[in-house]
Amino acid sequence: MSRIGRKPVIIPAGVEVTLNGHELTVKGPKATLVRTLHPRMNIAVENNEIVVTRPSEEKEDKSLHGLTRTLVANMVEGVTNGFKKELEVNGVGYRASKEGKNLVMILGYSHKVIMPEIDGITVEVPAPNKIIVHGADKEAVGQFAAEVREKRMPEPYKGKGIKYVDEVIIRKEGKAGKGK
């Protein structure tokens, strides 16, 4: 039995969960999230808990069990607390700012890199070298943060680029001089 899959997801106060076939709707103070879950999984809402069970011990069912439970738990967590990713901009002349609903970054290219906010995601720029991405959907927050990071990935020689705050860039030594 999946250790994660067998744990019930507790529904906190102020969160409304509706199950329509395999379409789960979670409504909370921050947002409303809707997701269609895999039809092989059995989902039940009982006593302020969401319980995910699997129909058999087949390999596919085992792998889907923990995944489905985690997706449901992330939906409940997202509508109550939300998720955030913090990014850091490193490099001489590299900076980020917010203009209306757009994230504008100067990353050493001949042009500004402009990324519009998507639905359900808010972007904050508290300092020119810090970007914070907020949202209720964990998948969307992670995807948007990854797309921002992709605009100028951190390089290993000088450490320039956009990186996650908790990411460690392993630095490389530059080219050594020839023949001494």
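Residues numbered from 1 in each chain as written. Predicted model: local features only at pLDDT ≥ 70, side-chain atom pairs only at ≥ 80, totals over all residues. Heavy atoms only, no water.

How should the sheet that holds strand E4 (residues 32–36) be read in this particular structure?
Hydrogen bonds between backbone atoms are what pair the strands of a sheet, whose relative direction is either parallel or antiparallel. Spatially, the three strands line up as an open sheet ordered E2-E3-E4, and their pairing is antiparallel. Two strands bound the open sheet, and with one partner strand each, they are strand E2 (16–20) and E4. Averaged over neighbouring strand pairs, the angle between their axes works out to 15 degrees when direction is ignored. Relative to E4, strand E3 (residues 23–27) is paired through five bridges, and the arrangement is antiparallel. Residue Thr25 lies in a different strand from E4, and its bridge partner there is Val34. (Pairing = 2+ DSSP bridges. Helix = DSSP H or I, 4+ residues; strand = E, 2+ residues; numbered from the N terminus. Axes fitted to C-alpha atoms, helices over the stretch in contact; angles between N-to-C directions.)

What is the right way to read the sheet that holds strand E8 (residues 95–99) from this model?
Across the sheet, which stays open at both edges, the three strands sit in the order E8-E9-E10 with antiparallel pairing between neighbours. Whereas interior strands pair on both sides, the edge strands pair on one side only; in this sheet they are E8 and strand E10 (113–116). For this sheet, the mean inter-axis angle between neighbouring strands, taken without regard to orientation, is 20 degrees. Alignment of E8 against strand E9 (residues 102–106), held across five bridges, turns out to be antiparallel. Following the sheet pairing, Arg95 is matched in E9 by Ile106. Across the sheet, helix H2 (residues 138–150) lies against E9 and E10, angled at about 170 degrees from E10, the strand it touches most. (Contact = heavy atoms within 4.5 Å.)

Explanation requested: the packing of aromatic side chains in the structure shown.
Pairs of aromatic rings are described using the distance from one ring centre to the other and the angle between the two planes. For the structure shown, the criterion picks out zero aromatic pairs. Here the guanidinium or amino end of Arg152 rests over the ring plane of Tyr109, the centre of that ring lying 4.3 Å away. (Phe/Tyr/Trp six-rings, centres within 6.5 Å; stacked < 30°, edge-to-face > 60°. Lys NZ or Arg CZ within 6 Å of the ring centre and 35° of its normal.)

How do you make sense of the side chain of Asp61 when you look at a structure like this?
As for its placement among the helices and strands, Asp61 is situated in helix H1 (residues 59–80). Asp61 sits in the buried class, given a relative accessible area of 0%. There is a polar contact of 2.9 Å between the side chain of Asp61 and the side chain of Arg40. Residues in contact with Asp61, not counting those within four places in the same chain, are Arg40, Met41, Arg54, Pro55 and Ser56. (Buried < 20%, exposed > 50% of the residue type's maximum accessible area, 1.4 Å probe, protein only. Polar contact = N/O pair within 3.5 Å; in protein donor to acceptor, adjacent residues only side chain to side chain.)

Would you mind going over the pattern of salt bridges with me for this structure?
Pairing is possible between side chains that carry opposite charge, provided their charged atoms lie close to one another. Taken as a whole and judged by the stated rule, the model has eleven salt bridges. A salt bridge links Glu88 to Lys163, with the shortest nitrogen-to-oxygen separation between them at 3.6 Å. Of this pair, Glu88 sits in strand E7 (residues 83–90) while Lys163 sits in strand E13 (residues 161–164), placing them 75 residues apart in sequence. A salt bridge links Lys101 to Glu117, with the nearest nitrogen and oxygen atoms 3.9 Å apart. In this pair, Lys101 is assigned in the loop between E8 and E9 and Glu117 in the loop between E10 and strand E11 (121–127), connecting sequence segments 16 residues apart. The class of Lys101 is exposed, set by a relative accessible area of 61%. Assessed through its relative accessible area of 17%, Glu117 is described here as buried. (Salt bridge = Lys/Arg side-chain N within 4 Å of Asp/Glu carboxyl O.)

Can you walk me through the environment of Lys175 in this structure?
You can see Lys175 is positioned in the segment after E13. Accessibility expressed as a relative area gives 86% for Lys175, which makes it exposed. Along the sequence, Lys175 and Lys163 sit twelve residues apart, while their C-alpha atoms lie 24 Å from each other.

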